[in-house]
Amino acid sequence: MTVTRSVVLGCGSYLPEQILTNAELAAKIDTSDEWIVQRTGIRQRHIAAPGEFTSHLGTKAAQAALAHAGVDAQSIDLIVCATSTPDNTFPATAVAIQNALGIHHGAAFDLQAVCSGFVFAVATADNFLRSGAFKRALVIGAETFSRLLDWNDRTTCVLFGDGAGAIVLDAQQQSGTLADSGVLTTHLRSDGQHKSKLFVDGGPSSTQTVGHLRMEGREVFKHAVGMITDVIVAAFEATGTTADDINWFVPHQANKRIIDASAHKLHIAPEKVVLTVDRHGNTSAASIPLALSTAVADGRIKKGNLVLLEAMGGGFTWGSALIRW
């Protein structure tokens, strides 16, 4: 008996031209390159130009993914865009991307799970494709987090950057075994009692403003490793796999110390971990597809590889996805 899997046809990414280094930040606020690198692993981040919106970044990443997949935009009938920094309160940024790609059929919508957004979007698209409701999806993570930052708050403004990444998923019949290509399992979690630890202090309903990002860094770190472990163990149990079976671990790029601690706890070898946080900073929902695109482009991730994704974000939200590339 065959099953429908969501198979990755291609991936792409886009980073704004402007690079903001730690040294440049240190010239403006009370921080240093050494302090930032030691605590986060971040050395630089990209910043969107004036007039460059989340939809612009997402469109360029989507175009790159379509080109890499070798498919026409008109074959896409579903777009799920994970973002916490939409162009407008409404309509969805996904609709702006859909229009920019010249697609006027199917469905497009945004998904908001902060830094876990891309994993949540993959799970959402996978369920739609497996149900038969849609045939081919663009899953996008796109953010302009620089627009949410308080540039006087040295504990948060050094952490985040802008960027976008995307993958093309195609519904295909597979054998129903672990050897199948595509999304093998996804696991999503959330717990709203942790809101105050990572949130934006504004919004249309509460303050009629955008607000700024606020974070209790130590509290986030304290919860992160345990939550990440939870959903990865769930992925292993659902598929009968172990850390030894994983070819590549592509975590949300928030903080190198969290990534290192998570990999160590799960017995994932350091050489299997894809790290881009040093170059990109935390790009929220864009971080995993940016890291995926980087590792595919440089030849690390190859067809047939077993790739493990995980993320944790404000809410708290957290999730994992296990994909045979």
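Up top is the structure.
This is a predicted model, so every value here is computed, not measured.

Thresholds applied
- Residues numbered from 1 in each chain as written.
- Predicted model: local features only at pLDDT ≥ 70, side-chain atom pairs only at ≥ 80, totals over all residues.
- Heavy atoms only, no water.
- Pairing = 2+ DSSP bridges.
- Helix = DSSP H or I, 4+ residues; strand = E, 2+ residues; numbered from the N terminus.
- Axes fitted to C-alpha atoms, helices over the stretch in contact; angles between N-to-C directions.
- Disulfide = S-S within 2.5 Å.
- Right-handed = clockwise from strand over helix to strand, strands pointing away.

Asker: Describe the sheet that holds strand S12 (residues 306–313), with residues and values.
Answerer: Here four strands make up an open sheet; going across it, the order is S8-S13-S12-S11 and the pairing mixed. A single partner strand is all that each edge strand has here, and the edge strands are strand S8 (182–190) and strand S11 (248–251). In this sheet, neighbouring strand axes are inclined to one another by 10° on average, regardless of whether the strands run parallel or antiparallel. Here four bridges tie S11 to S12, and the two strands are oriented parallel to one another. Looking at S12, one finds that Trp248 is bridged to Val307.

Asker: Describe the state of the cysteines, naming the residues involved and giving the relevant values.
Answerer: As enumerated under the stated definition, the model contains zero disulfides in all. The thiol sulfur of Cys11 is not disulfide-bonded, and the nearest other cysteine sulfur, from Cys81, lies at 16 Å. Just so you know, Cys81 is unpaired, no disulfide at all, and the nearest cysteine sulfur is the one on Cys115, 14 Å from it.

Asker: Could you give an account of the pairing of strand S5 (residues 107–111), with specific residues and numbers?
Answerer: In summary, the side chains of a regular strand alternate between the two faces of the sheet. Pairing geometry for strand S4 (residues 78–82) and S5, over five bridges, is parallel. Residue Leu78 lies in a different strand from S5, and its bridge partner there is Ala107. In terms of handedness, the path from S4 via helix H4 (residues 93–100) over to S5 forms a crossover that is right-handed.

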